[in-house]
Amino acid sequence: MAAAPDTAIEQTIPAASARWDNGALRQLVKAIEQADREGLDPQAYNLAALRSSLNDGPGATRDILAEAAALRLANDYYFGRVTDRAVMQWMITRPDYERAQLPERLHRALAGGEIDRFYASLLPDNKRYEALREALASESDPALRDRIRVNMERWRWMPRTISEDHIYVNVPSYRLDVVEGGTVLSSYDVVVGAKATPTPLMVSPANSLVVNPPWYVPASIVKSSNIKAGRGGYYAKPLAGGGYAVVQPPGPRNALGRIKVNLVNDQAIFLHDTPAKSAFKRDARALSHGCIRVSDIDRLASELMAREGGDAMALEEALSGSSTRQLPLPRQWPVYLVYFTMDLDADGALVSYPDPYDYDAAMLARLGSTQPLGGGMTVASLRR
């Protein structure tokens, strides 16, 4: 079944706040009927009642009914229908003012007779979402349609403005892309969080590199891995607030390798090197405690330092030594850590990836589906 309406949205609806004459109501009915093109169920928006009200004539009852359905559809297009995203480690948020503006935007569209244009403006405007929509329109297999639908929903969760220059890590693809001007310049294989310790999904700026980094072992890993200060080179470092941290010094055995890319977030997630290079040869690379291990990270670091007059020599000098050095990047890069089991590859083909965290099933339980999701689907590609 489809998710229940968000009563918080409907509580914002003033009685008879709009004049839904027959022309406006027909536009709304048509917009709702087209929700299936976006992977949503038109029946979730009181479609039958709205059609029936066309015979009743304008009035306060119709206005309240239409307003509730119109705002619900607007909310689901602009923010997504599924609300309990934290269970899937989704930490990408949108500004509160965007939601607060929806009623006013709807009323302006209603007054101008531009309901259809209003709804089109709410959807993601990017080639990845458009590729999914086109695939949904041509796909007949129910399980594959569900795979497409859940990924369209995830895109509705995303910010409406994606920086033209960014680093894009799609967890199921096990790949990191450096994107400049909207074009993928380079790609790197990555290892992501294991199912038990999934990578949080967030937008997190990269602002500096650390060469020969020490590893401050998170308390959860100290406990789960039975790491102890005084063993294997680990030592205890007193903390300002009391207690101590377990630290692994730089060196060939250090879990972070030679280079760490600092990300600004409160989850202790960053990009880093690793001495365990053999992991990059595996097809399924959901193996880490949550951070992103990057193959050839020295090449990535050089690429980032070379932008906009960065000090590439400083990186070379730091790598030639054994002391810890922090180097600011010449520019800040937004890093998108996302989760799409269908996405465009570097060649512009829509491809299907495995679902390492089994999030698709959780999504379908919330979106509503009449078909079980086919686990391990291996669709090679769906050309746009």
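Structure report, in brief.

Analysis parameters
Residues numbered from 1 in each chain as written. Predicted model: local features only at pLDDT ≥ 70, side-chain atom pairs only at ≥ 80, totals over all residues. Heavy atoms only, no water. Buried < 20%, exposed > 50% of the residue type's maximum accessible area, 1.4 Å probe, protein only. Helix = DSSP H or I, 4+ residues; strand = E, 2+ residues; numbered from the N terminus. Pairing = 2+ DSSP bridges. Polar contact = N/O pair within 3.5 Å; in protein donor to acceptor, adjacent residues only side chain to side chain. Axes fitted to C-alpha atoms, helices over the stretch in contact; angles between N-to-C directions. Left-handed = near helix turned anticlockwise from the far one by under 90°. Contact = heavy atoms within 4.5 Å. Nonpolar A, V, L, I, M, F, W, Y, C, P; charged D, E, K, R; others polar. Phe/Tyr/Trp six-rings, centres within 6.5 Å; stacked < 30°, edge-to-face > 60°. Lys NZ or Arg CZ within 6 Å of the ring centre and 35° of its normal.

### Quick word on the pairing of strand E4 (residues 202–211)
And step 1. With 7 of its 10 residues buried, E4 lies for the most part within the structure.
And step 2. Direction of pairing for E4 relative to strand E12 (residues 325–338): antiparallel, over a ladder of 9 bridges. Paired with Pro 205 across the bridge in E12 is Pro 334.
And step 3. Across 5 bridges, the pairing between E4 and strand E8 (residues 259–263) is antiparallel. In the sheet register, Val 210 faces E8, and the bridge partner there is Lys 260.

### Focus on the side chain of Arg 149
And step 1. Following the sequence through the fold, Arg 149 ends up in helix H9 (residues 142–157).
And step 2. A polar contact of 2.8 Å, which involves the side chain of Arg 149, links it to the backbone oxygen of Gly 39.

### Let's talk about the pairing of E12
And step 1. Bridge count between strand E1 (residues 166–170) and E12: 4 bridges; the pairing is parallel. Counterpart to Asn 170 in the pairing with E12 is Val 338.

### A short note on the packing of helix H6 (residues 102–112) against helix H7 (residues 115–122)
And step 1. H7 packs onto H6 with a crossing angle of 145 degrees between their chain directions and a minimal axis gap of 8 Å. The crossing of H6 and H7 is right-handed. Contacts between H6 and H7 involve Leu 102, Arg 105, Leu 106, Ala 109 and Leu 110 from the first element and Ile 115, Phe 118, Tyr 119, Ser 121 and Leu 122 from the second.
And step 2. Looking at the contact of H6 with H7, its residues break down into 8 nonpolar, 1 polar and 1 charged.

### Side note on unusual backbone geometry
And step 1. Of note, the phi angle at Gln 89 is positive, near 60 degrees, even though the residue is not glycine.
And step 2. Here Gln 89 lies in the loop between helix H4 (60–79) and helix H5 (96–100).

### Overview of the packing of aromatic side chains
The description of two aromatic rings rests on the distance between their centres and on the angle between their planes.
And step 1. Counting across every chain of the model gives 8 aromatic pairs.
And step 2. Centre to centre, the rings of Tyr 339 and Tyr 357 are 5.4 Å apart; their planes meet at 25 degrees, and the pair counts as stacked. With Tyr 339 in the loop between E12 and strand E13 (342–344) and Tyr 357 in the loop between strand E14 (350–352) and helix H13 (359–367), this pair connects stretches of sequence that are 18 residues apart.
And step 3. Using a relative accessible area of 0% as the deciding quantity, one classes Tyr 339 as buried.
And step 4. Taken together, a centroid distance of 4.8 Å and an interplanar angle of 50 degrees make the contact between Tyr 339 and Tyr 359 tilted. Taken as a pair, Tyr 339 in the loop between E12 and E13 and Tyr 359 in helix H13 lie far apart in primary sequence, 20 residues in all.
And step 5. Given the relative accessible area of 8%, Tyr 359 is considered buried.
And step 6. Members of the aromatic cluster, joined through ring pairs, are Tyr 77, Phe 118 and Tyr 119.
And step 7. The ring of Tyr 168 carries Arg 128 above its face, with NZ or CZ at 4.2 Å from the centroid.

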